[in-house]
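Residues per chain, in single letters:
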Amino acid sequence: MTTPNAALSSRAAAVMPWKNGLYGHMTTASLPSGYPQFYERGEAARVWDVDGNSYVDLMCSWGPIVLGHHHPDVDAAAGAQQALGDVLNGPGRPMVELAELLTDTVGGADWAMFAKNGTDATTICTMVARAATGRSAILVAEGAYHGSAPWCTPRLDGTIAEDRGGVERYVFNDLASVEAAVQRRDGDVAGILVSPFKHDAGHDQELVTAEFARGLRAICDRLGAALIIDEVRAGFRLNLGGSWDDLGVAADLSAWGKAMANGYALSAVTGTASLREAATRIYVTGSYWYGNVAMAAALATLKVLREEDGIARLRSAGQRLRDGFAAQAEAHGLSINQTGPPQMPYFTFEGDTERRRLRLFAQQALANGLFLHPGHNWFLSLAHTDAEIDRALEASEPAFAAVRDQVEAGAVGA
Ligand SMILES: Cc1ncc(COP(=O)(O)O)c(C=O)c1O
(Lines give C-alpha, C1' and ligand atoms only; values in the text may rest on other atoms or scores of the structure.)
Protein backbone atom coordinates (compact mmCIF):
# COMPACT_ATOMS: atom_id res chain seq x y z
CA MET A 1 0.00 0.00 0.00
CA THR A 2 1.30 3.45 -0.87
CA THR A 3 1.52 5.66 2.19
CA PRO A 4 0.54 9.35 2.04
CA ASN A 5 4.22 10.27 2.49
CA ALA A 6 5.29 8.05 -0.43
CA ALA A 7 2.44 9.34 -2.60
CA LEU A 8 3.37 12.97 -1.92
CA SER A 9 7.03 12.19 -2.57
CA SER A 10 6.34 10.74 -5.99
CA ARG A 11 3.90 13.52 -6.91
CA ALA A 12 6.52 16.09 -5.86
CA ALA A 13 9.25 14.29 -7.79
CA ALA A 14 7.10 14.50 -10.93
CA VAL A 15 6.78 18.29 -10.80
CA MET A 16 9.92 19.37 -8.92
CA PRO A 17 13.56 18.81 -9.94
CA TRP A 18 14.67 16.60 -7.06
CA LYS A 19 14.44 12.86 -6.55
CA ASN A 20 12.19 13.04 -3.51
CA GLY A 21 10.78 16.46 -4.27
CA LEU A 22 12.89 18.42 -1.83
CA TYR A 23 16.01 20.55 -1.94
CA GLY A 24 18.26 21.92 0.77
CA HIS A 25 18.71 20.87 4.35
CA MET A 26 15.30 19.32 4.90
CA THR A 27 15.60 16.68 2.22
CA THR A 28 15.49 13.13 3.52
CA ALA A 29 17.45 11.90 0.49
CA SER A 30 20.61 11.19 2.49
CA LEU A 31 18.89 10.02 5.69
CA PRO A 32 18.36 6.41 6.77
CA SER A 33 15.12 4.88 5.51
CA GLY A 34 11.99 5.63 7.50
CA TYR A 35 12.36 9.40 7.78
CA PRO A 36 9.19 11.14 6.64
CA GLN A 37 9.51 13.95 4.11
CA PHE A 38 6.09 15.46 4.66
CA TYR A 39 4.37 16.66 7.84
CA GLU A 40 0.78 17.23 8.81
CA ARG A 41 1.10 19.34 11.93
CA GLY A 42 2.99 20.29 15.08
CA GLU A 43 1.85 20.94 18.64
CA ALA A 44 4.08 21.90 21.59
CA ALA A 45 7.00 19.42 21.59
CA ARG A 46 5.46 17.03 19.04
CA VAL A 47 5.20 16.77 15.25
CA TRP A 48 3.00 14.49 13.18
CA ASP A 49 3.97 13.25 9.72
CA VAL A 50 1.42 12.82 6.95
CA ASP A 51 1.26 9.10 7.68
CA GLY A 52 -0.08 9.86 11.16
CA ASN A 53 3.08 9.03 13.15
CA SER A 54 3.88 11.38 15.98
CA TYR A 55 7.34 12.20 17.34
CA VAL A 56 8.91 14.09 20.20
CA ASP A 57 10.56 16.78 18.09
CA LEU A 58 14.21 17.47 18.82
CA MET A 59 14.80 19.39 15.58
CA CYS A 60 12.32 22.22 16.36
CA SER A 61 12.01 22.89 12.62
CA TRP A 62 15.84 23.20 12.58
CA GLY A 63 15.78 25.91 15.21
CA PRO A 64 12.87 28.31 14.81
CA ILE A 65 10.55 26.60 17.30
CA VAL A 66 11.93 27.83 20.61
CA LEU A 67 8.71 27.94 22.66
CA GLY A 68 7.04 24.89 21.12
CA HIS A 69 4.84 24.47 18.07
CA HIS A 70 1.71 26.65 18.13
CA HIS A 71 2.59 28.59 21.24
CA PRO A 72 -0.71 30.22 22.26
CA ASP A 73 0.72 33.69 23.03
CA VAL A 74 2.62 33.84 19.77
CA ASP A 75 -0.27 32.58 17.68
CA ALA A 76 -2.65 35.00 19.42
CA ALA A 77 -0.35 37.95 18.71
CA ALA A 78 0.16 36.85 15.11
CA GLY A 79 -3.57 36.20 14.64
CA ALA A 80 -4.54 39.61 16.00
CA GLN A 81 -2.07 41.27 13.66
CA GLN A 82 -3.23 39.11 10.74
CA ALA A 83 -6.75 40.39 11.30
CA LEU A 84 -5.44 43.96 10.89
CA GLY A 85 -3.09 43.27 8.00
CA ASP A 86 0.26 41.67 7.32
CA VAL A 87 2.07 42.92 4.21
CA LEU A 88 0.87 46.49 3.67
CA ASN A 89 2.33 49.50 1.85
CA GLY A 90 4.78 49.94 4.68
CA PRO A 91 5.44 48.56 8.11
CA GLY A 92 3.27 49.18 11.16
CA ARG A 93 3.83 49.55 14.88
CA PRO A 94 5.33 46.08 15.47
CA MET A 95 8.51 46.90 13.52
CA VAL A 96 9.36 49.91 15.65
CA GLU A 97 8.47 48.09 18.87
CA LEU A 98 10.62 45.14 17.85
CA ALA A 99 13.60 47.35 16.96
CA GLU A 100 13.19 49.00 20.38
CA LEU A 101 13.03 45.61 22.09
CA LEU A 102 16.09 44.26 20.26
CA THR A 103 18.22 47.31 20.98
CA ASP A 104 17.13 47.07 24.64
CA THR A 105 17.91 43.35 24.80
CA VAL A 106 21.06 42.79 22.73
CA GLY A 107 24.27 44.06 24.28
CA GLY A 108 25.93 46.81 22.22
CA ALA A 109 23.07 47.03 19.70
CA ASP A 110 21.99 50.58 18.80
CA TRP A 111 19.87 49.81 15.78
CA ALA A 112 18.04 46.92 14.14
CA MET A 113 16.77 46.15 10.66
CA PHE A 114 14.68 43.26 9.40
CA ALA A 115 14.51 40.70 6.63
CA LYS A 116 13.09 37.21 6.22
CA ASN A 117 15.81 34.55 6.19
CA GLY A 118 19.06 34.07 8.03
CA THR A 119 20.88 34.29 4.70
CA ASP A 120 19.43 37.78 4.20
CA ALA A 121 20.75 38.78 7.60
CA THR A 122 24.29 37.41 7.18
CA THR A 123 24.49 38.93 3.70
CA ILE A 124 23.35 42.33 5.00
CA CYS A 125 26.06 42.13 7.69
CA THR A 126 28.74 41.60 5.04
CA MET A 127 27.39 44.56 3.05
CA VAL A 128 27.30 46.91 6.04
CA ALA A 129 30.85 45.90 7.00
CA ARG A 130 32.09 46.55 3.46
CA ALA A 131 30.19 49.82 3.15
CA ALA A 132 31.64 50.99 6.46
CA THR A 133 35.25 50.06 5.76
CA GLY A 134 35.52 50.30 1.98
CA ARG A 135 37.36 46.96 2.17
CA SER A 136 36.51 43.67 0.53
CA ALA A 137 37.40 40.56 2.55
CA ILE A 138 35.15 38.86 5.04
CA LEU A 139 36.91 36.22 7.15
CA VAL A 140 34.80 33.10 7.57
CA ALA A 141 35.57 29.91 9.54
CA GLU A 142 36.42 26.80 7.57
CA GLY A 143 33.30 24.60 7.26
CA ALA A 144 30.91 27.12 8.85
CA TYR A 145 27.43 27.54 7.40
CA HIS A 146 26.15 31.08 6.99
CA GLY A 147 23.39 30.56 4.44
CA SER A 148 22.74 29.68 0.82
CA ALA A 149 23.55 32.85 -1.16
CA PRO A 150 26.26 32.48 -3.82
CA TRP A 151 28.96 33.94 -1.50
CA CYS A 152 28.36 31.30 1.19
CA THR A 153 26.38 28.34 -0.16
CA PRO A 154 28.19 25.07 0.59
CA ARG A 155 28.01 23.76 -2.99
CA LEU A 156 29.76 25.53 -5.83
CA ASP A 157 27.41 24.52 -8.65
CA GLY A 158 25.67 27.61 -9.96
CA THR A 159 28.21 30.02 -8.48
CA ILE A 160 31.25 31.67 -10.03
CA ALA A 161 34.69 32.24 -8.51
CA GLU A 162 33.97 35.96 -8.14
CA ASP A 163 31.04 35.18 -5.81
CA ARG A 164 33.51 33.76 -3.29
CA GLY A 165 36.34 36.16 -4.04
CA GLY A 166 35.58 38.26 -0.98
CA VAL A 167 35.78 35.34 1.46
CA GLU A 168 38.96 34.27 3.28
CA ARG A 169 39.03 31.23 5.58
CA TYR A 170 40.32 30.71 9.12
CA VAL A 171 39.96 27.89 11.63
CA PHE A 172 37.46 28.27 14.50
CA ASN A 173 39.14 28.76 17.91
CA ASP A 174 42.54 29.30 16.25
CA LEU A 175 43.68 32.92 16.48
CA ALA A 176 46.90 32.23 14.59
CA SER A 177 44.84 31.11 11.59
CA VAL A 178 42.86 34.37 11.78
CA GLU A 179 46.08 36.39 11.79
CA ALA A 180 47.30 34.37 8.80
CA ALA A 181 44.05 35.11 6.94
CA VAL A 182 44.46 38.83 7.70
CA GLN A 183 47.99 38.65 6.29
CA ARG A 184 46.87 36.87 3.14
CA ARG A 185 44.51 39.79 2.52
CA ASP A 186 47.16 42.34 3.38
CA GLY A 187 44.86 43.84 6.02
CA ASP A 188 42.05 44.43 3.50
CA VAL A 189 39.50 42.98 5.94
CA ALA A 190 35.98 44.41 6.21
CA GLY A 191 34.79 41.99 8.85
CA ILE A 192 35.24 38.70 10.66
CA LEU A 193 32.17 36.50 10.60
CA VAL A 194 31.86 33.88 13.33
CA SER A 195 29.18 31.68 14.86
CA PRO A 196 28.79 31.69 18.67
CA PHE A 197 30.18 28.16 18.79
CA LYS A 198 31.22 25.70 16.13
CA HIS A 199 28.07 23.93 15.02
CA ASP A 200 29.07 22.65 11.59
CA ALA A 201 26.77 19.90 10.36
CA GLY A 202 28.23 16.41 10.48
CA HIS A 203 30.82 17.20 13.16
CA ASP A 204 31.12 17.23 16.92
CA GLN A 205 30.29 20.69 18.17
CA GLU A 206 32.95 22.91 19.77
CA LEU A 207 32.34 25.70 22.26
CA VAL A 208 34.21 28.93 21.72
CA THR A 209 37.15 29.62 24.03
CA ALA A 210 37.14 32.94 25.87
CA GLU A 211 40.61 33.56 24.46
CA PHE A 212 39.36 33.18 20.89
CA ALA A 213 36.26 35.33 21.34
CA ARG A 214 38.24 38.12 23.02
CA GLY A 215 41.06 37.72 20.53
CA LEU A 216 38.69 38.19 17.58
CA ARG A 217 37.33 41.32 19.26
CA ALA A 218 40.87 42.65 19.66
CA ILE A 219 41.84 41.86 16.05
CA CYS A 220 38.73 43.63 14.74
CA ASP A 221 39.47 46.66 16.95
CA ARG A 222 43.06 46.75 15.73
CA LEU A 223 42.05 46.52 12.05
CA GLY A 224 38.96 48.71 12.27
CA ALA A 225 36.99 45.74 10.92
CA ALA A 226 33.52 44.61 12.03
CA LEU A 227 33.09 41.63 14.35
CA ILE A 228 30.02 39.90 12.94
CA ILE A 229 28.37 37.19 15.02
CA ASP A 230 26.08 34.86 13.11
CA GLU A 231 23.39 34.25 15.73
CA VAL A 232 20.97 32.72 13.25
CA ARG A 233 21.15 29.22 14.72
CA ALA A 234 22.13 29.81 18.35
CA GLY A 235 20.59 33.23 18.95
CA PHE A 236 18.05 33.54 21.78
CA ARG A 237 18.88 30.02 23.01
CA LEU A 238 22.17 30.75 24.78
CA ASN A 239 21.73 34.29 26.09
CA LEU A 240 19.09 36.87 25.20
CA GLY A 241 21.71 39.61 25.33
CA GLY A 242 23.93 37.96 22.72
CA SER A 243 25.63 34.58 22.77
CA TRP A 244 29.02 35.99 23.84
CA ASP A 245 27.57 38.30 26.49
CA ASP A 246 28.86 36.03 29.27
CA LEU A 247 32.35 36.36 27.82
CA GLY A 248 32.08 40.14 27.80
CA VAL A 249 32.34 40.23 23.99
CA ALA A 250 29.82 42.26 21.99
CA ALA A 251 29.50 42.12 18.22
CA ASP A 252 29.57 45.14 15.92
CA LEU A 253 26.95 43.39 13.80
CA SER A 254 24.79 40.37 14.61
CA ALA A 255 22.62 38.32 12.28
CA TRP A 256 19.46 36.88 13.87
CA GLY A 257 16.79 34.54 12.53
CA LYS A 258 15.22 31.21 13.38
CA ALA A 259 14.23 31.34 17.09
CA MET A 260 13.29 35.01 17.12
CA ALA A 261 9.70 34.55 15.98
CA ASN A 262 8.96 30.93 16.99
CA GLY A 263 8.52 29.79 13.39
CA TYR A 264 7.12 32.93 11.75
CA ALA A 265 9.42 34.07 8.95
CA LEU A 266 11.68 36.80 10.23
CA SER A 267 15.36 37.67 10.50
CA ALA A 268 17.17 40.73 11.76
CA VAL A 269 20.49 42.51 11.86
CA THR A 270 21.54 44.50 14.89
CA GLY A 271 24.48 46.84 14.90
CA THR A 272 26.47 49.44 16.79
CA ALA A 273 26.10 53.20 16.44
CA SER A 274 29.37 53.46 14.52
CA LEU A 275 27.92 51.31 11.70
CA ARG A 276 24.57 53.06 11.49
CA GLU A 277 25.60 55.44 8.70
CA ALA A 278 27.00 52.57 6.59
CA ALA A 279 23.73 50.67 7.08
CA THR A 280 21.83 53.60 5.54
CA ARG A 281 23.96 53.44 2.39
CA ILE A 282 23.41 49.84 1.36
CA TYR A 283 20.29 49.02 -0.65
CA VAL A 284 18.48 45.93 0.54
CA THR A 285 14.78 45.19 0.68
CA GLY A 286 12.17 42.53 -0.02
CA SER A 287 8.47 42.31 -0.81
CA TYR A 288 7.69 40.56 2.48
CA TRP A 289 10.37 41.98 4.76
CA TYR A 290 8.09 44.47 6.49
CA GLY A 291 5.27 42.02 7.14
CA ASN A 292 3.67 42.80 10.48
CA VAL A 293 2.57 39.31 11.48
CA ALA A 294 6.06 37.88 11.94
CA MET A 295 7.11 40.98 13.87
CA ALA A 296 4.12 40.67 16.20
CA ALA A 297 5.08 37.00 16.63
CA ALA A 298 8.67 38.00 17.46
CA LEU A 299 7.52 40.49 20.09
CA ALA A 300 5.45 37.77 21.74
CA THR A 301 8.24 35.18 21.47
CA LEU A 302 10.88 37.37 23.07
CA LYS A 303 8.44 38.37 25.81
CA VAL A 304 7.82 34.75 26.74
CA LEU A 305 11.55 33.93 26.68
CA ARG A 306 12.25 36.90 28.92
CA GLU A 307 9.35 36.45 31.37
CA GLU A 308 9.56 32.69 31.71
CA ASP A 309 13.29 32.46 32.28
CA GLY A 310 13.52 30.82 28.88
CA ILE A 311 17.27 30.36 28.60
CA ALA A 312 17.60 28.61 31.97
CA ARG A 313 14.64 26.35 31.17
CA LEU A 314 16.07 25.40 27.77
CA ARG A 315 19.39 24.63 29.40
CA SER A 316 17.91 22.44 32.11
CA ALA A 317 15.71 20.53 29.64
CA GLY A 318 18.80 19.92 27.50
CA GLN A 319 20.79 18.80 30.53
CA ARG A 320 18.05 16.33 31.56
CA LEU A 321 18.14 14.88 28.05
CA ARG A 322 21.92 14.77 28.04
CA ASP A 323 22.09 13.07 31.45
CA GLY A 324 19.58 10.51 30.24
CA PHE A 325 21.54 9.78 27.06
CA ALA A 326 24.75 9.43 29.11
CA ALA A 327 23.16 6.93 31.52
CA GLN A 328 21.62 4.87 28.71
CA ALA A 329 24.81 4.78 26.67
CA GLU A 330 26.80 3.69 29.69
CA ALA A 331 24.26 1.01 30.59
CA HIS A 332 24.72 -0.45 27.11
CA GLY A 333 28.50 -0.21 27.23
CA LEU A 334 28.60 2.45 24.52
CA SER A 335 30.85 5.46 24.52
CA ILE A 336 29.32 8.73 23.31
CA ASN A 337 30.77 12.18 22.90
CA GLN A 338 28.20 14.82 23.84
CA THR A 339 29.08 18.27 22.54
CA GLY A 340 27.75 21.82 22.33
CA PRO A 341 25.58 23.67 24.83
CA PRO A 342 22.75 21.63 26.45
CA GLN A 343 20.16 23.85 24.69
CA MET A 344 21.52 22.64 21.34
CA PRO A 345 22.83 19.16 22.11
CA TYR A 346 24.41 16.58 19.85
CA PHE A 347 26.39 13.42 20.31
CA THR A 348 28.40 11.02 18.26
CA PHE A 349 29.57 7.52 19.10
CA GLU A 350 33.25 7.12 19.89
CA GLY A 351 35.17 5.84 16.87
CA ASP A 352 32.07 5.90 14.64
CA THR A 353 33.90 7.68 11.84
CA GLU A 354 31.37 6.79 9.17
CA ARG A 355 28.45 7.60 11.49
CA ARG A 356 26.97 4.15 11.01
CA ARG A 357 26.09 3.79 14.69
CA LEU A 358 24.66 7.28 14.86
CA ARG A 359 22.52 6.71 11.79
CA LEU A 360 21.24 3.44 13.23
CA PHE A 361 20.54 5.16 16.56
CA ALA A 362 18.62 7.98 14.84
CA GLN A 363 16.64 5.54 12.72
CA GLN A 364 15.70 3.43 15.75
CA ALA A 365 14.84 6.51 17.82
CA LEU A 366 12.58 7.63 14.98
CA ALA A 367 10.85 4.25 14.87
CA ASN A 368 10.20 4.64 18.61
CA GLY A 369 8.83 8.17 18.34
CA LEU A 370 11.82 10.50 18.75
CA PHE A 371 12.75 12.77 15.86
CA LEU A 372 16.38 13.83 15.63
CA HIS A 373 18.87 14.14 12.80
CA PRO A 374 22.07 12.09 12.70
CA GLY A 375 24.13 14.81 11.01
CA HIS A 376 22.99 18.05 12.61
CA ASN A 377 22.73 19.43 16.13
CA TRP A 378 19.39 19.19 17.92
CA PHE A 379 17.33 21.91 19.58
CA LEU A 380 15.32 22.23 22.79
CA SER A 381 12.20 24.33 23.19
CA LEU A 382 10.21 25.45 26.23
CA ALA A 383 7.65 22.78 25.33
CA HIS A 384 10.21 20.11 26.23
CA THR A 385 8.87 19.56 29.70
CA ASP A 386 10.29 16.88 31.97
CA ALA A 387 7.54 14.55 30.75
CA GLU A 388 8.49 15.13 27.09
CA ILE A 389 12.18 14.61 27.82
CA ASP A 390 11.30 11.40 29.62
CA ARG A 391 9.23 10.31 26.61
CA ALA A 392 12.23 11.10 24.38
CA LEU A 393 14.41 8.95 26.61
CA GLU A 394 11.91 6.08 26.43
CA ALA A 395 12.45 6.18 22.67
CA SER A 396 16.23 6.47 22.85
CA GLU A 397 16.60 3.48 25.18
CA PRO A 398 15.73 0.82 22.55
CA ALA A 399 17.79 2.81 20.02
CA PHE A 400 20.90 2.48 22.19
CA ALA A 401 20.05 -1.21 22.66
CA ALA A 402 19.86 -1.67 18.88
CA VAL A 403 23.27 -0.02 18.45
CA ARG A 404 24.77 -2.24 21.15
CA ASP A 405 23.34 -5.36 19.44
CA GLN A 406 24.79 -4.33 16.10
CA VAL A 407 28.15 -3.43 17.63
CA GLU A 408 28.23 -6.87 19.30
CA ALA A 409 27.34 -8.47 15.99
CA GLY A 410 30.21 -6.55 14.39
CA ALA A 411 27.81 -4.92 11.95
CA VAL A 412 28.54 -1.26 12.74
CA GLY A 413 32.21 -1.28 13.70
CA ALA A 414 33.95 -2.51 16.84
C1 LIG B 1 24.43 29.70 11.48
C2 LIG B 1 23.45 29.91 10.35
N3 LIG B 1 23.56 31.01 9.59
C4 LIG B 1 22.73 31.26 8.58
C5 LIG B 1 21.73 30.36 8.26
C6 LIG B 1 20.83 30.64 7.10
O7 LIG B 1 19.55 30.89 7.56
P8 LIG B 1 18.30 30.69 6.59
O9 LIG B 1 18.22 29.24 6.29
O10 LIG B 1 17.14 31.20 7.36
O11 LIG B 1 18.58 31.51 5.36
C12 LIG B 1 21.59 29.19 9.01
C13 LIG B 1 20.55 28.20 8.69
O14 LIG B 1 20.56 27.09 9.12
C15 LIG B 1 22.48 28.96 10.08
O16 LIG B 1 22.39 27.85 10.84
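Remember, predicted model here, so these are calculated numbers, not experimental data. Every chain begins its residue count from 1, and numbering advances along the sequence as written. Local features in a predicted model are, by the rule used here, given only for residues with pLDDT of at least 70; side-chain atom pairs are given and counted only at 80 or more, and totals for whole chains, interfaces and linings are based on all residues. Side-chain measures here rest on the full set of heavy atoms in the structure, leaving out hydrogens and waters.

### Examining the pattern of salt bridges
What makes a salt bridge here is a side-chain nitrogen of Lys or Arg within 4 Å of a carboxyl oxygen of Asp or Glu, nothing more. Counted according to the given criterion, the structure contains 13 salt bridges. Here Glu 388 makes a salt bridge to Arg 46, at a shortest N to O gap of 2.8 Å. Here Arg 46 lies in strand β2 (residues 46–49) and Glu 388 lies in helix α12 (residues 386–408), a separation of 342 residues in the sequence. With a 1.4 Å probe rolled over the protein chains alone, any residue whose accessible area is under 20% of its type maximum counts as buried; one over 50% counts as exposed, and the rest are partly exposed. With relative accessibility at 24%, the residue Arg 46 sits in the partly exposed group. Of the charged contacts, one joins Arg 184 and Glu 168 as a salt bridge, the two residues approaching to 2.6 Å between their closest N and O atoms. With Arg 184 in helix α6 (residues 175–184) and Glu 168 in strand β6 (residues 167–170), this residue pair connects regions lying 16 residues apart in the sequence. One connected set of salt bridges, linked through shared partners, spans Glu 168, Arg 184 and Arg 185. Here a strand is any run of E in DSSP of at least two residues, a helix any run of H or I of at least four, and the numbering for each starts at the N terminus.

### Quick notes on the packing of aromatic side chains
When two rings of Phe, Tyr or Trp (its six-membered ring) have centres within 6.5 Å they constitute a pair, described as stacked for plane angles under 30 degrees, edge-to-face for angles over 60, and tilted for the intermediate range. Applying the stated criterion to the full structure yields 19 aromatic pairs. Ring plane angle 80° and centroid distance 5.5 Å describe the contact between Tyr 35 and Phe 371, whose orientation is recorded as edge-to-face. Note that Tyr 35 is positioned in the loop between α1 (4–15) and β1 (39–43) and Phe 371 in strand β13 (residues 370–371), a separation of 336 residues in sequence. In this structure Tyr 35 comes out as buried when scored by relative accessible area, which is 6%. Arranged with centres 5.9 Å apart and planes meeting at 70°, the rings of Tyr 55 and Phe 371 form a pair that is edge-to-face. One end of the pair, Tyr 55, is in strand β3 (residues 54–57); the other, Phe 371, is in strand β13, and 316 residues separate them in sequence. You'll find Tyr 55 and Phe 371 in the same group, each marked buried.

### Describing the sheet that holds strand β10 (residues 267–271)
Only strands that DSSP links by at least two bridges are regarded as paired with each other. Taken in spatial order, the seven strands of this open sheet run β4-β10-β9-β8-β7-β5-β6, and their pairing is mixed. Only two strands of the sheet have a single partner each, and these edge strands are β4 (111–115) and β6. With strand direction ignored, the average angle separating the axes of adjacent strands in the sheet is 20°. Note that strand β8 (residues 226–230) and strand β9 (residues 253–256) share three bridges and pair parallel. When the sheet's bridge partners are listed, Ile 229 is paired in β9 with Ser 254. In this analysis, two residues are considered to be in contact whenever any of their non-hydrogen atoms come within 4.5 Å of each other. To define axes, lines are fitted to C-alpha atoms, for helices over the stretch in contact only, and angles between the resulting N-to-C directions are given on a 0 to 180 degree scale. Strand contacts of helix α4 (residues 118–133): β4, β5 (137–141), β7 (189–194), β8, β9 and β10, with the helix running at about 165° to β9, the strand carrying the most contacts.

### Examining the packing of helix α11 (residues 356–367) against α12
Relative orientation of the contacting elements α11 and α12 amounts to 140°, with a least axis distance of 8 Å. In terms of orientation, α11 and α12 fall into the oblique class. Crossing geometry of α11 relative to α12 is assigned as right-handed. Where α11 approaches α12, its residues Arg 357, Leu 360, Phe 361, Gln 364 and Ala 365 are matched on the opposing element by Ala 395, Ser 396, Ala 399, Phe 400, Ala 402, Val 403, Gln 406 and Val 407. Split by residue class, the contact of α11 with α12 holds nine nonpolar, three polar and one charged. For classification purposes, angles smaller than 35 degrees are called roughly parallel, those larger than 145 roughly antiparallel, those between 65 and 115 roughly perpendicular, and all remaining angles oblique. Handedness of a crossing follows from how the near helix is turned relative to the far one, being left-handed for an anticlockwise turn of less than a right angle and right-handed for a clockwise one. Amino acid classes used here: Ala, Val, Leu, Ile, Met, Phe, Trp, Tyr, Cys and Pro are nonpolar; Asp, Glu, Lys and Arg are charged; the rest, including Gly, are polar.

### Topic: a nonpolar patch on the surface
Note on patches: the residues involved have over 30% relative accessible area and no salt bridge, like charges join within 9 Å, and the nonpolar side chains Val, Leu, Ile, Met, Phe, Trp and Tyr join within 5 Å. All accessible-area figures derive from a Shrake-Rupley calculation using a 1.4 Å probe, and residue coverage is judged against the displayed protein chains alone. There is a patch of nonpolar side chains on the surface, built from Val 15, Met 16, Trp 18 and Tyr 23 and spanning about 420 Å² of accessible area. Tracing the chain through its elements places Trp 18 in the loop between α1 and β1. For Trp 18, a relative accessible area of 34% puts it in the partly exposed group.

### Considerations on the sheet that holds β3
In spatial order, the strands read β1-β2-β3-β13; together these four strands make up an open sheet with mixed pairing. Strand pairing shows two members of the sheet lacking a second neighbour, β1 and β13, which therefore form its edges. In this sheet, β13 lies alongside β3 in parallel orientation, the contact comprising two bridges. Across the sheet, Val 56 pairs through a bridge with Leu 370, a residue of β13.

### What about the environment of Asp 405?
Mapped onto the elements, Asp 405 comes out in helix α12. On the accessibility criterion, Asp 405 (37% relative accessible area) is partly exposed. For the pair Asp 405 and Asp 386, spaced 19 residues apart in sequence, the C-alpha separation works out to 29 Å.

### Side note on the nonpolar core
Leu 98 and Phe 325 are the most contacted members of the largest nonpolar core, which has 70 residues in total. It is helix α9 (residues 292–307) that provides the largest number of residues to this core, a total of 10 residues. Non-local contacts of Leu 98, meaning those with residues more than four positions away in its chain, are made with Phe 114, Met 260, Leu 266, Met 295, Ala 298, Leu 299 and Leu 302. Nonpolar cores were defined as sets of buried Ala, Val, Leu, Ile, Met, Phe, Trp, Tyr and Cys residues, with membership established by side-chain atoms within 4.5 Å. The next biggest cluster of nonpolar side chains, apart from the first, holds 28 residues, and it includes Cys 125, Ala 129, Ile 138 and Trp 289.

### Focus: the site of the ligand
For this purpose, a residue is taken to be near a molecule or strand whenever a single non-hydrogen atom of the residue falls within 4 Å of it. Lining the immediate surroundings of the ligand are Asn 117, Gly 118, Thr 119, Tyr 145, His 146, Gly 147, His 199, Asp 230, Val 232, Arg 233 and Lys 258. For the ligand, an oxygen atom lies 2.6 Å from a polar atom in the side chain of Thr 119. In this structure, Arg 233 approaches the ligand through a side-chain N or O atom, which is 2.8 Å from an oxygen atom. Protein coverage of the free-state accessible area of the ligand, which is 380 Å², stands at 88%. Looking at the shell around the ligand residue by residue, the classes come out as two nonpolar, six polar and three charged. Think of a polar contact as two N or O atoms within 3.5 Å of one another; within protein, one of them needs to be a possible hydrogen donor and the other a possible acceptor, and neighboring residues in sequence only count if both atoms come from side chains.

### Focus on the packing of α6 against helix α7 (residues 210–223)
One can describe the packing of α6 onto α7 by two numbers: an axis separation of 10 Å at closest approach and a directional angle of 20°. The orientation of α6 with respect to α7, classified from their angle, is roughly parallel. The chirality of how α6 crosses α7 is right-handed. Two secondary-structure elements touch here, α6 through Leu 175, Val 178, Glu 179 and Val 182 and α7 through Glu 211, Phe 212, Gly 215, Leu 216, Ile 219, Arg 222 and Leu 223. Classifying every residue of the contact of α6 with α7 by side-chain character gives seven nonpolar, one polar and three charged.

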